[in-house]
Amino acid sequence: MSKTKSAFFCQSCGYESAKWSGKCPSCNQWNTFVEEVVVKGNDKKEKDEWKEYSGDRKVKTISINEVSSAEEKRIITNDGELNRVLGGGIVMGSIVLVAGEPGIGKSTLFLQIGLQLNDIVTLYISGEESEQQVKMRADRVGAKSENFYLLTETNTQTIFQEIKKLKPQLVIVDSIQTLQSPFVESGSGSVSQIRECAAELQRFAKETNTPVFLIGHITKDGNIAGPKILEHMVDTVLQFEGDRHYAYRILRTLKNRFGSTAELGIYEMTGEGMRAVSNPSEILITQKEEQLSGIAIAATIEGMRPLLIEGQALVTQSVYGTPQRTVSGFDLRRLQLLLAVLEKRGGFHFGVKDVFVNIAGGLKVEDPSIDLAIVCALLSSYEDVPINQHYCFAGEVGLSGEIRAVNRIEQRIAEAEKLGFEKIIVSKYNAKSLGKLKFNIEVVPLAKVEELYQYLF
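Residues numbered from 1 in each chain as written. Predicted model: local features only at pLDDT ≥ 70, side-chain atom pairs only at ≥ 80, totals over all residues. Heavy atoms only, no water.

Examining the pairing of strand 6 (residues 95-100)
A large share of strand 6 lies buried, amounting to six of its six residues. Burial along strand 6 is two-sided: I95, L97 and A99 facing one way and V96, V98 and G100 facing the other are all buried. As judged from the five bridges shared by strand 6 and strand 10 (residues 212-216), these two strands associate in the parallel manner. Of the residues in strand 10, the one forming a bridge with L97 is L214. The sheet contact formed by strand 6 and strand 11 (residues 236-241) spans five bridges and is parallel. Bridging across to strand 11, A99 finds its partner in Q239. (Buried < 20%, exposed > 50% of the residue type's maximum accessible area, 1.4 Å probe, protein only. Helix = DSSP H or I, 4+ residues; strand = E, 2+ residues; numbered from the N terminus. Pairing = 2+ DSSP bridges.)

This is the structure in structure tokens:
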């Protein structure tokens, strides 16, 4: 083994420097350099424990025309939400990073998925929990599999020796921050350790065509812990998020080399583990016996999936000098823009009112097509007149008060029709594109916010 050397690593981006510096030249962050002891091994054979398992792979330069363009093979899981988020299933040889807050349910979800794959030899590597703890969770989830194997180890070379014996078809690592490579002398969880362990697992995944899931931690800012290079190395980055006070969890794609990054999967946390929610619209709309003011239903789209969500608004007289603007799940700047449009184009005095806006169910929505529903909820609360609960809305509001067209309007209308709504209010410019399509729901085309107010109130 070569002599020990130390280097300085940026904790934000993983940049390596021979000496300490106040500012990172790569990401321009201040005071992020930490000193770590690095030891490089000379024995290459030790580092590639899986070579015999994968067979000898010849490295040579070839023309791109010689590469076969067959569609990638995928493992289809029993979890429809995970299949959707990954773009149709687990791609062979892919490496997937899953990050989320502690206690959100990452370990439970992937233990459950591994146990449900009865025909796939799955190795679950736990660096955080003992075998007994994992077994207790498996009993609670209730799924059983003869092909599910458990390994509690953090040393990467020991892990690769066990992989060589078992030859699994799927590997789940919980978590990447606990792994430690003998080729780097710094502690587990450090920048260089995370980078080295991820690089070893990446080489293993690509050379053996075995899919690998890496479960990762996040920082207090909500970013994935470790160097940014970790996200560049993997094929797919999934964020598992949700509010602890709600039972619902969202699996969101941040990066995907094999599919769309606009998809999301919705789960419900139950006593028996994670339950995939196939029709989230029914959950995200509150069932009410009486009509209440300040509530409007929006038809939005996340990825390929149409969703109906409930927008709530409360407008009250401002007690203090400066009116409050509070949002949950909606963009604050977007709300201020909509209030300015209503003040200028509609003559409503929101400047002396406190305004509170919430998206029900703990969702965070960025689709501009919910503008129309938020405007309706604001007007409903302002006038204290409830909107008919069988109406829904799909439209973007422009600065001149016009209702702008939104994409994939047919899917939004079909989802509203399926859930039993009687009317959907859309932009007049969307109605032209619908042509002679027939729906069992009345489509109301409007051009301006003033027309919307006259129609509803």
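Side note on the environment of Q317
With respect to the helices and strands, the residue Q317 is situated in strand 16 (residues 305-317). Spatially, the C-alpha atom of Q317 lies 8.9 Å from that of V355, the residues being 38 residues apart in sequence. What Q317 contacts, discounting residues up to four positions off in sequence, is V352, K353 and D354. Here K353 takes part through its side chain, which lies 3.0 Å from a polar atom of the side chain of Q317. (Contact = heavy atoms within 4.5 Å. Polar contact = N/O pair within 3.5 Å; in protein donor to acceptor, adjacent residues only side chain to side chain.)

Comments concerning the confidence of the model for the protein
Per-residue pLDDT for the protein has a mean of 86; in total, 93% of the residues score no lower than 70. Counting interchain partners and residues more than four positions distant, the pLDDT-below-50 stretch residues 42-46 has four contacts. (pLDDT = per-residue confidence, 0-100.)

Quick notes on the nonpolar core
The biggest cluster of nonpolar side chains holds 44 residues, and the ones touching the most others in it are I309, L378, F393 and L452. Residues in contact with L378, not counting those within four places in the same chain, are A313, V315, L335, L339, L342, F350, V355 and V357. Judged by nonpolar contacts, the second largest core, of 30 residues, contains L82, L86, I120 and F148. (Core = buried A, V, L, I, M, F, W, Y, C linked by side-chain atoms within 4.5 Å.)

Let's talk about the sheet that holds strand 18 (residues 353-359)
Read from one edge of the open sheet, seven strands run 17-18-16-15-19-22-23, paired in mixed fashion. Single-partner strands in this sheet number two, and they are strand 17 (325-328) and strand 23 (442-446). For this sheet, the mean angle separating the axes of adjacent strands, direction not counted, is 25°. By the bridge criterion, four bridges tie strand 19 (residues 391-394) to strand 22 (residues 423-427) in an arrangement that is parallel. Bridge pairing links Y391 to K423 in strand 22. (Axes fitted to C-alpha atoms, helices over the stretch in contact; angles between N-to-C directions.)

So, the sheet that holds strand 12 (residues 248-256)
Strand order in the open sheet formed by nine strands is 8-7-9-10-6-11-12-13-14, and the pairing between neighbours is mixed. Each of the sheet's edge strands pairs with one partner strand only, and the pair in question is strand 8 (148-151) and strand 14 (273-276). Each adjacent strand pair in this sheet contributes to an overall mean axis angle of 25°, direction not counted. Two strands pair when backbone bridges link them, and strand 7 (residues 122-126) and strand 9 (residues 170-174) are joined in this way by five bridges, in the parallel orientation.

Section: the side chain of S175
Within the fold, S175 resides in the loop between strand 9 and helix 7 (191-208). Here S175 falls in the buried class, since its relative accessible area comes to 1%. Polar side-chain contacts of S175 include one of 2.8 Å to the side chain of E128. If near-sequence neighbours (up to four positions away) are discounted, S175 is found in contact with G127, E128, I215 and H217.

What about the side chain of K353?
As for its placement among the helices and strands, K353 is situated in strand 18. Buried and without a salt bridge, K353 has E383 as its closest oppositely charged side chain, separated by 9.4 Å. (Lys, Arg positive; Asp, Glu negative; His and termini not counted. Salt bridge = Lys/Arg side-chain N within 4 Å of Asp/Glu carboxyl O.)

A closer look at the packing of helix 4 (residues 106-116) against helix 5 (residues 131-141)
Axis separation between helix 4 and helix 5 bottoms out at 10 Å; the angle between their running directions is 70°. When the interaxial angle is binned, helix 4 and helix 5 end up roughly perpendicular. Together, S107, T108, L111, Q112 and L115 of helix 4 and V134, R137, A138, R140 and V141 of helix 5 make up the contact between the two elements. Here the residues of the contact of helix 4 with helix 5 are counted per class, giving five nonpolar, three polar and two charged. (Parallel < 35°, antiparallel > 145°, perpendicular 65-115°, else oblique. Nonpolar A, V, L, I, M, F, W, Y, C, P; charged D, E, K, R; others polar.)

Considerations on the packing of aromatic side chains
In this description, a pair of aromatic rings is defined by centroid distance and the angle of the planes. In total, this model carries 10 aromatic pairs according to the counting rule given. Both rings, one in F348 and one in F350, keep their centres 6.4 Å apart while their planes meet at 55°; by these two values the pair is tilted. The same class applies to F348 and to F350, which are both buried. A ring pair is formed by F348 and Y382, whose centres lie 5.4 Å apart and whose planes are at 80°; its orientation type is edge-to-face. Placement of F348 in the loop between helix 10 (332-346) and strand 18 and of Y382 in helix 11 (residues 371-383) is noted, with a sequence separation of 34 residues between them. Judged by relative accessible area, which is 8%, F348 ranks as buried. A relative accessible area of 25% places Y382 in the partly exposed class. Ring pairing ties together the aromatic residues F348, F350, Y382, Y453 and F457, which thus form one cluster. For K353, the ring lying beneath its charged end belongs to Y382, and the centroid distance is 5.5 Å. (Phe/Tyr/Trp six-rings, centres within 6.5 Å; stacked < 30°, edge-to-face > 60°. Lys NZ or Arg CZ within 6 Å of the ring centre and 35° of its normal.)

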